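# An overview of the molecular structure
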Amino acid sequence: MSTELAQLLERVRALFEDVDFTAVREWKAEGADRKAVGHMPIYVPRELIHASGMLPVGVLGGGDRLEIIRGDAYFQSYICHIPRSTIEMALTGRLDALDGMLFPSICDVIRNLSGMWRLLFPDRYVRYVDVPQNFSPDVGGAFWRQELEQLLDDFAGLSGRAADQEALRRSIAVYNENRREIGALYEARSHEPWVYPASELYLVVRAGNVLPPEEHTELVRSYRQLAAAEDRHEQDLSRVVVVGTFCEQPPLGLLLTLERAGCSIVDDDLLLGQRWLTDDVSEVGDPIEALATAYLECSCQTASVYQPEGRRGAWLVESVRRNQAEGVIFCAPSFCDPALLEQPMLVDALAAAGIPHTQFKYAENTGQFAAIREQAGTFSDSIRLWSDA
Amino acid sequence: MKIFVGVDLGSTTTKAVLLDEHGEPVGRGITNSRSNYEVASRVARQEALVTARFNLVRAALAADPELESVAEGFLPLLERTFRREQYREQLERLRVELQSAARRDRHREIHGELRDLVDRIVAEMDELAGRHYGALAVRKSDFFRDLAGADYMILAERYARPGEIEFETLSGLFDRAILPVENSVSETSVEDLVGRALDAALTTAPSGGQGETERLAVAVDEARSTRIEEVSSVGTGYGRQRLPFPKEQIRSEILCHGLGAHVMFPATRTVLDIGGQDTKAIQVDENGIVTSFQMNDRCAAGCGRYLGYIADEMNLGVHELGPLAQQATTCVKINSTCTVFAGAELRERLSLGQKREDILAGLHRAIVLRAMSLLARSGGVEEEFTFTGGVARNPAAVAALHQLVAENYGERTVNISPDSIYTGALGAALFALSAERKAA
Amino acid sequence: MSPETGAPPREIPKERSMLLQKEMIAGHYQDLASAPETGRKVVYTFVPGNLTELMRSFDVLPVLPEINALQSGMRKLSGDYISEAEKQGHSEDVCTYVKCDIGMLKQGNVGPTGQPLPEPDLLLLSYTGCFTFMKWFELLRQEYDCPVAMLHVPYQADGTIHDHHRAYVVEQLESEIIPKLEQVTGQQFDEDRLRAELELSAVAEDDLVWVLESAKNVPSPIDAYFGGVYYIGPMFTAFRGTQEGVDYYRTLRAEIEERLAAGRGPITPDGELEEERYRLVLEGPPNWTSFRDFWRMFSEEGAVVVASSYTKVGGLYDRGFRHDPSRPLETLADYCMGCYTNLGLPSRVDLIADYIREYRADGFMINSVKSCNSFSVGQLLMLRQLEERTGVPGGFIESDLVDPRYFSAANIKNRIESYLQMLEQKRGTAA
Amino acid sequence: MSVNGQLLTVGVDVGSSAVKTAVVRMPASADDEILALRTDRIRRRDLRKVIDEAYPLVLSEAGIDADQVAYAASTGEGELVDFRRGHFYGMTTHARGAVFLEPRARAVLDVGALHARAMRIDARSKVLGYRMTSQCASGSGQFLENVARYLGVSLEEVGSLSCSARSPEQVSSICAVLAETDVINMVSRGIATADILKGIHQSMAGRYVKLLRAIGAGEEHVLITGGLAADTGLANAMREAAEKGGLGMTIHTHPDSIYAGALGAALWGGFRHRVLAGRAAKVTREAS
Ligand SMILES: Nc1ncnc2c1ncn2[C@@H]1O[C@H](COP(=O)(O)OP(=O)(O)O)[C@@H](O)[C@H]1O
Ligand SMILES: Nc1ncnc2c1ncn2[C@@H]1O[C@H](COP(=O)(O)OP(=O)(O)O)[C@@H](O)[C@H]1O
Ligand code: SF4
Ligand code: SF4
Ligand code: SF4
């Protein structure tokens, strides 16, 4: 492996493993008035934070690197893992670098977590971002515009700097580019998955949670170039799409296990917080209007929004076809109602399309993958041993 | 002497504590819990009576300044003699049961050989018994089941003849025989056994002069003749509903642990009890009254039984785990604390080449970590803290707890008493006493 | 909310109100069963934020899947239904109301009275206080292939209904819900009729509040949790805005007034409670599969629940909300947003703390149910906050709504017993 | 190695409680045939040693030398099998072994010491769907073993005792540890051993039937594989539970069920050997 690539990977791994948000602290240390705003995984208009001169920081739980002590004190055993580690990080001062926290409407867990935040940290800025479930421009759109305006006001108060239209349009452009670059990487991986192993790609994209978007865009671009320059060989693996993981992220070991068990990931719904818009936001005209329209017209399908007419199933089948996948692995966080409740519907859609699939659950701190390896292994065995027979 | 009894019928062990009318503990007994709860509570109580009697002897000897030099050696001797007698008696009952198990139909073909082999094993166990109760012996456990079981299995493995008499057959005999041995109470009363031990100890005690031997006999006689009168008793613990006690003599183990810890360490405000299959975190006020508590839910992960499985897997006594874990140089991160998976996880990690001590250290930390979240849930550790229950006897668990409490709550006084396993029973006995006082 | 349609517990002396409720509900299920013949349209919807008056004004009959699920729980059918749903690929981890409903559907959709339930003509997804509702109706939509009307009710994160929230709901009513109801029923929206119904609602609501607040008396004439779930039944389900509903609450109120005057205690599964030993406030829904055993664990110890949050999932009437005929759509919007589970945690803590004081409770207890993230996430923090704020110790138990596998009687009894002994001990030293 | 197209292959199934080995002869044009089978309980011994000792023993039982083995395959926790040529995953091998032992089987229930899983398969032993118990040991072989030990009953007796039960006693806890306490409680209430065992079997059978239902098994022939196949009490309870649940499945066990994984590994090994040899031959042919 080239030194540059090794160094890049080293860096993104360090960013990933650092549960103290050192990168954010360092960024803030560079200017006395620098502020950072944390947000949970999805549907957060990071452009607004960026335009207000602050750093948007994606908070994705503590993974398997954090020992949970106080976090468990707040959650019964049948609640997923991400709120525990998030609370743990907050109570142990790891989130002190964040000047505010946004909780988008992902599910009841995150929603109530926003209330817990209010109770536990009455002095910090916190806001529940109620994303509209109504997609008519005059109804849901109007509501969302008002929410966005309010957010913008809040951010102006927080940063002491009101974002003007120009700043907003600039931020929109910055994020458009970031998403395009990530999109290009996904595209490349879909063609040659052996060049971009999931465990690398994941870390590279994930670094965007703590880096300024401009820097992250560069990082993604150089990774794509460096990896392409490596001499990596095609292996005899099954091509799979991994779904179900949009909020609590799986441990890295799980992605590695899947690959070792013979499954090559060609598409996934990991890290949707950075990729939830499927198209560019308009860089001209009223920026708030542009952001609201983008949400209504080109936000990705997740279990968090109401899906009329089984749209998610169609989307999944289409992803399998587009990426020439041979099967789908459902990989949902334990106790995640949104992901688990929609699974049977997606399974039906796959069954109707004759696409093989398998499923298992994990927690972000799962450390034993024996059972998952067995299942994924059997799945890839069954795709390979019988595919040509 | 008037006494008040507290019995804590736990999932793993049954404990009894005797208090005198001033609330001073005068006796403690422990046995492994078994299917016959009544027997378990009777045995624990008898064991407590035995220690009470020993304490009387100690007091009588102490009362006579002339006996100072003999007293020191006499008491341990007495205890060893007693334990050994008791062990032998149980061993004999085990032999009878083993023989009857060996006579069962399915062993018809090998019956003769099996009988001989059993006799041979038991005879060797009897010899080994001497070693368990030697002056310097370190016993793996206090319970007959464990002691005899360990010896038996080693011998069975040695004498098994694959193809003829399988190890599995022999171990099966033990599993079958131990039940009736455990679930019946010895014919010989404990007082008799104590009496016999006293006689034996008197004869074997290294005598000083003629006068001393006589004075010793007098003191012992005095201790022997004191009548112990049981006034009332209170039961608690997991199995309390099945104790042969009326409802008003039953108390929740939460209250008992809270009160017991308060009496042992009056400044205690937080109590953590890790028992065989449950963990409780309790907050108490300045009077030992419980103000809040948390228990584990329907899963026994990370409780004492976990350590039991591990010990089994490594063919060690639970006593030995802690010290071994303390030799660790690093602490392996353990993921599953499912009690049943404990053995599998251990094996898996050993096969990955990790060191036994380091894995053990990780296991202990994992258990304490689970307890830490219950603690946090009950309100954390704000002031003085007491760790009770069987796992508090384990030095590695204690060390992990010290560390985690310090890391999370800062330096706090952490009390651990060698008698921590009796905390619940002590609380129960205190309830018995205070009920009596109220009535009076 | 109303478990009453099943066979009423035998030991409970049948009071007039109870018989009346039984009749009303039987009548409702009769109407449902005959809907295919009578041609009346059927709408499935949820309890929190239900738009009963609006639906009534279109003459449609509501079916509440949650109620069916809890009924199945009480009739011990839920275990089978849940495994049926799990067999269909539903996870063990998710809300059991959904699985119970799906299982029931797969096994013929026979309702609590033994008659099959009609299929929906419309799924009215008023998604108040729970994301699971959304997935639930996506699943049902797949089964029935009927239209869905989605009403997004903004969450009350900071405890205030903002104008743009209200406007958003009203607009959805106007542009989504009412047109779909019109389309399904072929009837025109009749605002006057809606107003008339809202007026009736308000009358009944007054009486319900009186009944619930009668528990402020010491000793209390009612149990506001175990008994309470019977009292809220008609109000939370199909009878708001009807004369029947008004009559029911009038009768109920008269009965409790008598009870109070005679100094009688609440009714329990074993007859009237002789001595009120503990006054408790309860947070969280009850367990339905062992409802009476659960109740007994309290009543046998002389514990009376004087206030509960569960009886507010269909509206916080005791905090002043009344359906207001003068602003029909706005009042419906306010109602939807104000239901208990749509409140942020800080508001929930405030409410329970107030209850503890107002109802002079000795303690409070949280029954945390595995199914319901909406209720359960944050309850451990609520416990701490409440203890700190009120100085009253709290108890915590865990069970589930309708999954019999998650009701561990011995464990729960142990905790309740320990908790009450703790209160007793505390009282002993205080005296 | 391969004499007249006849292959000798070995399968090693490394489980959590025992290592199972199988030697199979795979003639080119006749039925495959078992040459030797062996179980070695791990029982606190060093796993690698158990595996390494078992290998020569099973070969000598089969009467062959190590260099005659065409393909040695591992399954289960196979990393420790140094002499393996390939590895197949547990469900793949159990499915293959099941079809070998019971050609009609279209569903397999594999119950081992710490796990249980149900698979639906086709005639070529392709795994069509599966379900397994979660990361929790409730209702596994280990649990049954512990209870049997506690009751002083040997594993061989468990089955017949359970079948003789008159009024089985329900186990309420889902946790294996707490269920053990339940069992102790039952003993203390004087419940007969047979009734306790049957109660446990019923609770396990209930779970397993649920697993089978979940994979959509209905009218199939089901083969129980893994260590618990030897337990007639379980099979009996399974039949009752299936009937009660309205499932028309026929439940089979086979005396060699415990070797299903090892057999499957050996058979797949032969398959792979032929594929690889075919490829090599093709390459040589093309080269020449
Ligand atoms: N001497 C000892 N050294 C280390 N651990 C011990 C010792 N004695 C008991 N234990 C541990 O304590 C546990 C039993 O604790 P106990 O408080 O008696 O439980 P319970 O009250 O539930 O029966 C055992 O499972 C074991 O792990
Ligand atoms: N004769 C028997 N009767 C009942 N159960 C048995 C018998 N022999 C083995 N078992 C059970 O089988 C289990 C081992 O099964 P196995 O499939 O070998 O598991 P693993 O692959 O995990 O080692 C043991 O836990 C034991 O309980
Ligand atoms: S993992 Fe699922 S249940 Fe948990 S917070 Fe995320 S979306 Fe909600
Ligand atoms: S999650 Fe709670 S509120 Fe939602 S459907 Fe289930 S029980 Fe009802
Ligand atoms: S078997 Fe293990 S994981 Fe399952 S409930 Fe028991 S201790 Fe917990």
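## A look at the overall build of chain C
Along chain C, the regular secondary structure elements total 18 helices and 10 strands. Since a compact globule built from 431 residues should have a radius of gyration of about 22 Å, the 21 Å found for chain C is in line with a globular shape. For the C-alpha atoms alone, the extent of chain C along its principal axes is close to 70 × 50 × 40 Å. A buried classification covers 68% of the 431 residues belonging to chain C. In chain C, 78% of the contacts between residues at least 6 apart in sequence involve partners at least 24 apart. Within the structure as shown, chain C displays about 13000 Å² of accessible surface, and the carbon and sulfur contribution to it stands at 47%. Positive and negative side-chain charges in chain C, numbering 43 and 65 respectively, have mean positions lying 4 Å apart.

## Concerning the interface of chain A and chain B
If you look at the interface, chain A gives 13 residues, while chain B gives 14 residues. Between chain A and chain B, roughly 1200 Å² of surface is buried when both sides are summed, and carbon and sulfur atoms account for 44% of that area. Per-residue buried area on chain A facing chain B is highest for Glu67(A), Ile69(A) and Gln368(A); these three make up 45% of the total on that side. Counting every contact that joins chain A to chain B gives 1 salt bridge. Its salt-bridge partner being Glu67(A), residue Arg365(B) comes within 2.5 Å of it at the nearest N-O pair. Linking chain A with chain B are 5 residue pairs in polar contact (both at pLDDT 80 or more), by the criterion used here. For the side of chain A that touches chain B, the per-class residue count stands at 4 nonpolar, 5 polar and 4 charged.

## Looking at the pairing of strand E3 (residues 25–32) of chain B
All names here are of chain B. The element E3 is extensively covered by neighbouring structure, given that 6 of its 8 residues are classed as buried. With 7 bridges joining them, strand E2 (residues 13–20) and E3 adopt antiparallel strand pairing. The partner of Thr13 across the bridge, within E3, is Asn32. Hairpin connection from E2 to E3: 4 residues lie between these consecutive antiparallel strands, with Gly23 at a positive phi of about 85°.

## Looking at the site of ligand 3
Around ligand 3, the structure places Cys80(A), Ile82(A), Ile106(A), Cys107(A), Val109(A), Ile110(A), Phe246(A), Cys247(A), Glu248(A), Pro333(A), Cys336(A) and Pro338(A). Split into classes, the residues belonging to the shell around ligand 3 amount to 11 nonpolar, no polar and 1 charged.

## Concerning a negative patch on the surface
Together, Asp138(A), Glu171(C), Glu174(C) and Glu330(C) line one region of the surface with negative charge. If you trace the backbone, Glu171(C) turns up in helix H8 (residues 163–185). For Glu171(C), a relative accessible area of 31% translates into the label partly exposed.

## Points about the sheet that holds strand E10 (residues 250–252) of chain D
Residues and elements named next belong to chain D. The strand order across the open sheet formed by 5 strands is E8-E7-E6-E9-E10, and the pairing between neighbours is mixed. Of all the strands in the sheet, the pair left with one neighbour each is strand E8 (127–132) and E10. Strand-to-strand twist of the sheet, defined as the mean angle between neighbouring strand axes without regard to direction, takes the value 20°. Looking at chain direction, strand E6 (residues 105–111) and strand E9 (residues 221–225) are connected through 5 bridges and run parallel. Residue pairing in the sheet places Ala105 in a bridge with His221 of E9. Helix H6 (residues 193–214) rests against E6, strand E7 (116–121), E8 and E9 of the sheet, and its axis sits at about 30° to E7.

## Comments concerning the site of ligand 2
All names here are of chain D. In the vicinity of ligand 2 there are 19 residues, among which Ser16, Ser17, Lys20, Glu145 and Gly227 approach most closely. The backbone of Ala18 places a nitrogen or oxygen atom 3.3 Å from an oxygen atom of ligand 2. Coverage of ligand 2 by the protein amounts to 90% of the 580 Å² it exposes when considered alone. Contributions of two or more residues to the shell around ligand 2 are made by strand E2 (18–26), helix H3 (141–151) and helix H4 (155–163). A per-element tally of the shell around ligand 2 places H3 first, with 3 residues. Residues belonging to the shell around ligand 2 are distributed by class as follows: 6 nonpolar, 9 polar and 4 charged. Both domain 1 (2–95 + 259–287) and domain 2 (103–253) contribute no fewer than three residues apiece to the shell around ligand 2.

## Section: the environment of Phe360(A)
Of note, Phe360(A) is situated in strand E8 (residues 357–362). Look at Phe360(A) and you get buried, because its relative accessible area is 5%.

Analysis parameters
Residues numbered from 1 in each chain as written. Chains lettered and ligands numbered in written order. Predicted model: local features only at pLDDT ≥ 70, side-chain atom pairs only at ≥ 80, totals over all residues. Heavy atoms only, no water. Helix = DSSP H or I, 4+ residues; strand = E, 2+ residues; numbered from the N terminus. Rg over C-alpha atoms; globule rule 2.2 N^0.38 Å. Buried < 20%, exposed > 50% of the residue type's maximum accessible area, 1.4 Å probe, protein only. Contact = heavy atoms within 4.5 Å. Areas by Shrake-Rupley, 256 points an atom, 1.4 Å probe, with all protein chains shown as cover. Lys, Arg positive; Asp, Glu negative; His and termini not counted. Charge placed at Lys NZ, Arg CZ, Asp CG, Glu CD. Buried area = accessible area lost by both parts, 1.4 Å probe. Salt bridge = Lys/Arg side-chain N within 4 Å of Asp/Glu carboxyl O. Polar contact = N/O pair within 3.5 Å; in protein donor to acceptor, adjacent residues only side chain to side chain. Nonpolar A, V, L, I, M, F, W, Y, C, P; charged D, E, K, R; others polar. Pairing = 2+ DSSP bridges. Near = heavy atom within 4 Å. Patch = residues over 30% accessible without salt bridge, like charges linked within 9 Å, V, L, I, M, F, W, Y side chains within 5 Å. Axes fitted to C-alpha atoms, helices over the stretch in contact; angles between N-to-C directions. Domains from an automatic or database assignment.

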